[in-house]
Amino acid sequence: MKVEVSQQALLAGAVALAAMFAVPPARADAVSDAKAAVAKYAGPQTTWEGPTNAPKPEPGKKIVFLSGDEQNDISHLYGVYIKEAGQKLGWNVTVIDGKGSPTSWLAGMNQAIALKPDGIALFADAASLQDPIKAGVAQGIKFVGLHAAGLPGPQPDLNLFVNIQEDPREIGKAEADWAIADSDGKAHVVILSHNEYAIAKVKSTATKDEIEKCPGCKVLDYVNSPASEAAQRQPQLTTSWVQRFGLPIYATSVGDNDWDFAVPVLRSGGVKTDEAKLIGADGNRSAYDRIRKGDQYQTVTVSEPIELQAWQAVDELNRAFHGEPQSGFVQPPFLVTKENIHSEGGDQNTFIPSNNYKQRYLDIWGVK
């Protein structure tokens, strides 16, 4: 028996088949937007967007840096670089270890104020330290935050002259955009935050919001866990994600430190590196190492320019001492990938923007 099929029927079948495999327009738009954003975040950072003048610094200033946790790579380096920049101005810098918890931050801040410094820079959440900060302000101490509030810029409600950080909304968006682009709009994502830091909540919320805008993506879980307890909690968290949600899976965190404790669990569990992709922020040395080596689960990090921000903290304190406004400078975020890891300081396992920032600050301070 001969079956004849009309051209119209063939065309209808082809259209139906194409529709089955077509990418929905909304998802296609989400993916193309995400890929464009990733290209921007991962691009070179050669332009200087910081200040072009400053008051003449006075030597002999006494500064304290309250480190959120000296066991944290980023927090420790802020102190190292603030000391280096301060020495250029003839300032004396003391570092106090906040030991990773709000209770210890409070003790550290009280210790800092007891030293009667001219200024205090803090890498700890300022909202939890308002009583001692207010007491310090009453004594004439100037306070500058590093990741100490939800957003960069002046923070009069928190008694901070300025808070220095990249915009966490951009960081969170960059993390989400990479997952959306890498998965072609099909990422299933768990989001980890440390909401004892206001910046962490802003960052992780931005990640969640961006993932939820992608029609084919899904937020599987949003977890708030104390940063100081990562070593104890992260292994079990990682195991539970794999058991509950299956593979493949994407995981984002507000900090790279968490993945130090997730990678061994994934490896011992026999999880393939292309089935669990870890996305972080801050730009810890261990994160750079994992990304560079490959097959270490962590695929990208959104890196903070630690040395630049430390030098900015010294510059902002100088402005505060002279009664001048803060500089208004916010360095754009940088997405570190396997492809660009040798650029913008990557060979030194940190984000060093190629905008000659140290010489820029030395020039406006009038020192060598």
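On a predicted model such as this, the values are computed, not experimentally measured, just so you know. (Residues numbered from 1 in each chain as written. Predicted model: local features only at pLDDT ≥ 70, side-chain atom pairs only at ≥ 80, totals over all residues. Heavy atoms only, no water.)

Colleague: When you look at the state of the cysteines in this model, what are you seeing that I'm missing?
Modeller: Simply put, disulfide is the name for a covalent bond between the sulfur atoms of two cysteines. This model, assessed by the stated rule, comprises one disulfide. Between Cys214 and Cys217 runs a disulfide, and the two sulfur atoms are separated by 2.4 Å. A torsion of 55 degrees about the S-S bond marks the disulfide between Cys214 and Cys217 as right-handed. (Disulfide = S-S within 2.5 Å.)

Colleague: So what exactly am I meant to see when it comes to the environment of Asn257 here?
Modeller: Tracing the chain through its elements places Asn257 in the loop between strand 9 (249-253) and helix 9 (259-268). Linking Asn257 and Arg292, residues 35 residues apart in sequence, is a C-alpha distance of 16 Å. Once you skip the residues sitting within four places of it in the chain, Asn257 turns out to touch Ala230 and Asn284. (Helix = DSSP H or I, 4+ residues; strand = E, 2+ residues; numbered from the N terminus. Contact = heavy atoms within 4.5 Å.)

Colleague: Just checking my understanding: could you explain the side chain of Asn340 for this structure?
Modeller: By the element assignment, Asn340 lies in the loop between strand 12 (334-336) and helix 12 (357-365). The class for Asn340 is buried, based on a relative accessible area of 10%. A polar atom in the side chain of Asn340 sits 3.1 Å from the backbone oxygen of Ala42. Once you skip the residues sitting within four places of it in the chain, Asn340 turns out to touch Ala42, Phe334 and Leu335. (Buried < 20%, exposed > 50% of the residue type's maximum accessible area, 1.4 Å probe, protein only. Polar contact = N/O pair within 3.5 Å; in protein donor to acceptor, adjacent residues only side chain to side chain.)

Colleague: Where do I start with the side chain of Ser193 in this structure?
Modeller: Along the chain, the position of Ser193 falls in strand 7 (residues 188-193). We classify Ser193 as buried; its relative accessible area is 0%. Look past the residues within four positions of Ser193 in its chain and what remains in contact with it is Ala200, Lys201, Ser204, Tyr222, Val223, Asn224, Ser225 and Val254.

Colleague: When you look at the layout of surface pockets in this model, what are you seeing that I'm missing?
Modeller: The rolling of a water-molecule-sized probe over the atoms marks out the regions of remaining empty space. Quantified by volume, the largest pocket comes out at close to 430 Å³. Elements supplying a minimum of two residues to the lining of the largest pocket: helix 7 (198-212) and helix 8 (230-245). Sort the elements by how many residues they give to the lining of the largest pocket and helix 7 lands first, with three residues. Tallied by class, the residues present in the lining of the largest pocket amount to nine nonpolar, eleven polar and five charged. (1 Å grid on protein atoms, 1.4 Å probe; cavity = no way out; pocket = protein on both sides within 12 Å on 5 of 7 lines; lining within 4 Å. Points joined across faces, edges and corners; volume = space filled by probe spheres on them. Nonpolar A, V, L, I, M, F, W, Y, C, P; charged D, E, K, R; others polar.)

Colleague: Looking at this model, I keep getting lost on the nonpolar core. Mind explaining?
Modeller: Inside soluble globular proteins, nonpolar side chains tend to come together where they are buried. In terms of nonpolar packing, the biggest core is built from 31 residues, with Phe65, Tyr78, Ile82, Leu146, Val314, Tyr361 and Trp365 touching the most fellow members. Residue assignment for this core shows that the elements contributing at least two residues are strand 1 (62-67), helix 3 (73-88), strand 4 (142-146), strand 6 (160-164), helix 11 (306-321) and helix 12. A total of seven residues in this core trace back to one element, the largest contributor, which is helix 11. With near-sequence residues (within four places) excluded, Ile82 lies in contact with Phe65, Val93, Ala121, Leu146, Ala310, Ala313 and Val314. Ranked by size, the runner-up nonpolar core spans 25 residues in total, among them Ala174, Val189, Val300 and Val302. (Core = buried A, V, L, I, M, F, W, Y, C linked by side-chain atoms within 4.5 Å.)

Colleague: I'm lost on the environment of Ala310 in this one. Help?
Modeller: Of note, Ala310 is situated in helix 11. Aside from chain neighbours lying at most four places away, what touches Ala310 is Tyr78, Tyr81 and Ile82.

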